[in-house]
Amino acid sequence: MVRFGFQAHPPRNILTYSSSIQFMRSPCVEAGLIPPLIQLLNSADQEVLLQTGRALGNICYDSHEGRSAVDLAGGAQIVAEHIKALSQNTEPENEKLLTVFCGMLMNYSNDNDSLQAQLINMGVIPTLVKLLGIHSHNIALTEMCLIAFGNLAELESSKEQFASTNIAEELVRLFLKQTEHEKKEMIFEVLAPLAENDVIKLQLVEAGLVECLLEVVAQTVDGEREEDIAQLKTSSDLMVLLLLGDESMQKLFEGGKGSVFQRVLSWIPSHNHQLQLAGALAIANFARNDGNCIHMVDTGIVQKLLELLDRHVEEGNVTVQHAALSALRNLAIPVVNKSKMLSAGVADVVLKFLQSEMPPVQFKLLGTLRMLIDTQAEAADQLGTNGKLVERLVEWCEAKDHAGVMGESNRLLSALIRHSKSKEVVRTVIHGGGVKHLVTMATSEHMIMQNEALVALGLIAALDLVAAEKDFVGASLVSVLHKLLSDERSAPEIKYNSMILICAVMGSEPLHKEVQSLAFIDVVSKLRAHENKMVSHQASLTEQRLTAQS
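Residues numbered from 1 in each chain as written. Predicted model: local features only at pLDDT ≥ 70, side-chain atom pairs only at ≥ 80, totals over all residues. Heavy atoms only, no water.

Domains assigned within the protein chain are domain 1 (10-164) and domain 2 (476-549). Here the C-alpha centre of domain 2 lies 71 Å away from the C-alpha centre of domain 1. (Domains from an automatic or database assignment.)

As structure tokens, this is what we get:
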């Protein structure tokens, strides 16, 4: 916020002075001075307008009463109209008045969402953007515009208005002129909230912001001053943010041949942790469609990420670990990449982080492994018979404080069984105590997780019912299946796989007794009339099986 000063001689400055003193603001409001001040905004005398703007700005400074009084008297609207009318005039006295008026609006709306929204609705943003272009030579007015942008850009409703202006070009043009750290930081503070909008992301890319950011990175990467470190972080973070937009990301990727993409790649082997982090996050953002992922895997990016992770097994920088694992997870999504990444040794490197106690790293590690083994029977078999991995998964299945880690652990446990279809994997999971977690997973609120659990449990029952029998009884599997079949909200796939599983466990005497005691025939017979043909058909088969073995 801005506190305006005064000059000692003219009498009309007394109010400007009084209003700048904190304990005088409320008395100014209580004395009814706001409406007469607002009337003075209709004056043709520039000095009167200047002092009135200063007085109103001071009254609004950190004062709820002052802002409310100015709002009630319609002061902001009149000031906004003055700014619009005077915006083309580049005379020094006019620029001084514009600076005061912009400061007054900033004090009026600072940290107040409803008053900021009011200014946005008045159309202040396009006017301020024009001011920035016309008066870029005036440092004080430019800074006032930037502070105002910083305030308004936090509001989501402002983004559409900003996107309809040439704010991207103006900010990039202004950035190129700056040599001082503080001035660049002011522009960064406006760019960060604006760059959250996908339309503005693309505008900033097209205006050449990326080239500016890369230049800042090049200039500060070896710097040891605090301001160099700060600028490096801000520039590289903003670069990653620009890549979150699909259009802006694809424009910079340029089929994997873009100079920006190549520069970002060079950050990964850097000695600087901030650049390593930004490089890995950038790769994760580029890896948001199959085409990009396939190209990157074919051009050797996986090896760079593995080398980076190897450097951080001992160094243990959690943010870099998390970012590199995120990139690998995304790259592993296309089917054609999975075997290539497994051959490159991705699973082995990822397993080095199995002892990590950091939930964000655990979460990404689990997701990466799950993506890698999808449809890859040999890899699922190899990992599924790894006792240490299964033991850790079972441990994480109980991480109630970290729902994401718990969910991913359950899903990976299920995936190891589903993709390997291996008796050895099933035995490893049973021996490791994983069965009860899969039964609990079948009651998840997420249908996809329920289904994955039921398919895995069906395979366990089919491949080694004898070994699993005790765990099935202990986890009340039959009771869970009865609830799933009785619940009208259960999806057709859930009902279908529950009936498959009921048939599979009938070979066990204790489980068979539980099925009989819960009167499954009544529930299943109703499902013969189900609208889904697969469900109704399976209901008929299950009813026959239950009747035959009753």
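Despite not being glycine, Glu 254 shows a phi value in the positive range, around 45 degrees. The residue Glu 254 is located in the loop between helix 17 (246-253) and helix 18 (259-265) in this model. Within the chain, Ala 519 stands out as a residue other than glycine whose phi angle is a positive 50 degrees. Note on placement: Ala 519 falls in the loop between helix 34 (509-517) and helix 35 (520-526). Residue classification places Ala 519 among the partly exposed positions, given a relative accessible area of 38%. (Helix = DSSP H or I, 4+ residues; strand = E, 2+ residues; numbered from the N terminus. Buried < 20%, exposed > 50% of the residue type's maximum accessible area, 1.4 Å probe, protein only.)

Inside soluble globular proteins, nonpolar side chains tend to come together where they are buried. Of all hydrophobic cores here, the largest spans 187 residues; its most connected members are Leu 331 and Phe 472. Here this core takes 11 residues from helix 31 (residues 447-474), the largest share from any one element. For this core, the two domains that each supply at least three residues are domain 1 (10-164) and domain 2 (476-549). Excluding its chain neighbours within four sequence positions, the residues that come into contact with Leu 331 are Ile 283, Ala 287, Cys 293, Met 296, Val 297, Ile 301, Val 302, Leu 305, Asn 337 and Met 341. (Core = buried A, V, L, I, M, F, W, Y, C linked by side-chain atoms within 4.5 Å. Contact = heavy atoms within 4.5 Å.)

Attention now moves to the pattern of salt bridges. Inspection of the entire model under this criterion finds 22 salt bridges. For Glu 227, the salt bridge goes to Arg 225, with nearest N and O atoms at 3.4 Å. With its nearest N and O atoms 2.6 Å apart, the salt bridge here joins Arg 288 to Asp 246. Highlighted residues: Arg 288 in the loop between helix 19 (273-286) and helix 20 (290-298) and Asp 246 in helix 17, separated in sequence by 42 residues. Residue Asp 246 is classed as exposed on the basis of its relative accessible area of 52%. What emerges from the salt-bridge pattern is a single network uniting Glu 143, Glu 180 and Lys 183. (Salt bridge = Lys/Arg side-chain N within 4 Å of Asp/Glu carboxyl O.)

Quick look at empty space enclosed by the protein now. The probe, sized like a water molecule, is rolled over the atoms to show the empty space still left. All chains considered together, the criterion is met by 1 cavity of 30 Å³ or more. Approximately 60 Å³ is the volume attributed to the largest cavity. Along its surface, the largest cavity is lined by Cys 102, Leu 105, Met 106, Ser 109, Leu 119, Val 124, Leu 128, Ala 148, Asn 151 and Leu 152. Taken together, the elements giving at least two residues each to the lining of the largest cavity come down to helix 7 (92-109), helix 9 (124-134) and helix 10 (139-153). Ranked by residues supplied to the lining of the largest cavity, first place goes to helix 7 with 4 residues. The residue inventory of the lining of the largest cavity, partitioned by class, reads 8 nonpolar, 2 polar and no charged. (1 Å grid on protein atoms, 1.4 Å probe; cavity = no way out; pocket = protein on both sides within 12 Å on 5 of 7 lines; lining within 4 Å. Points joined across faces, edges and corners; volume = space filled by probe spheres on them. Nonpolar A, V, L, I, M, F, W, Y, C, P; charged D, E, K, R; others polar.)

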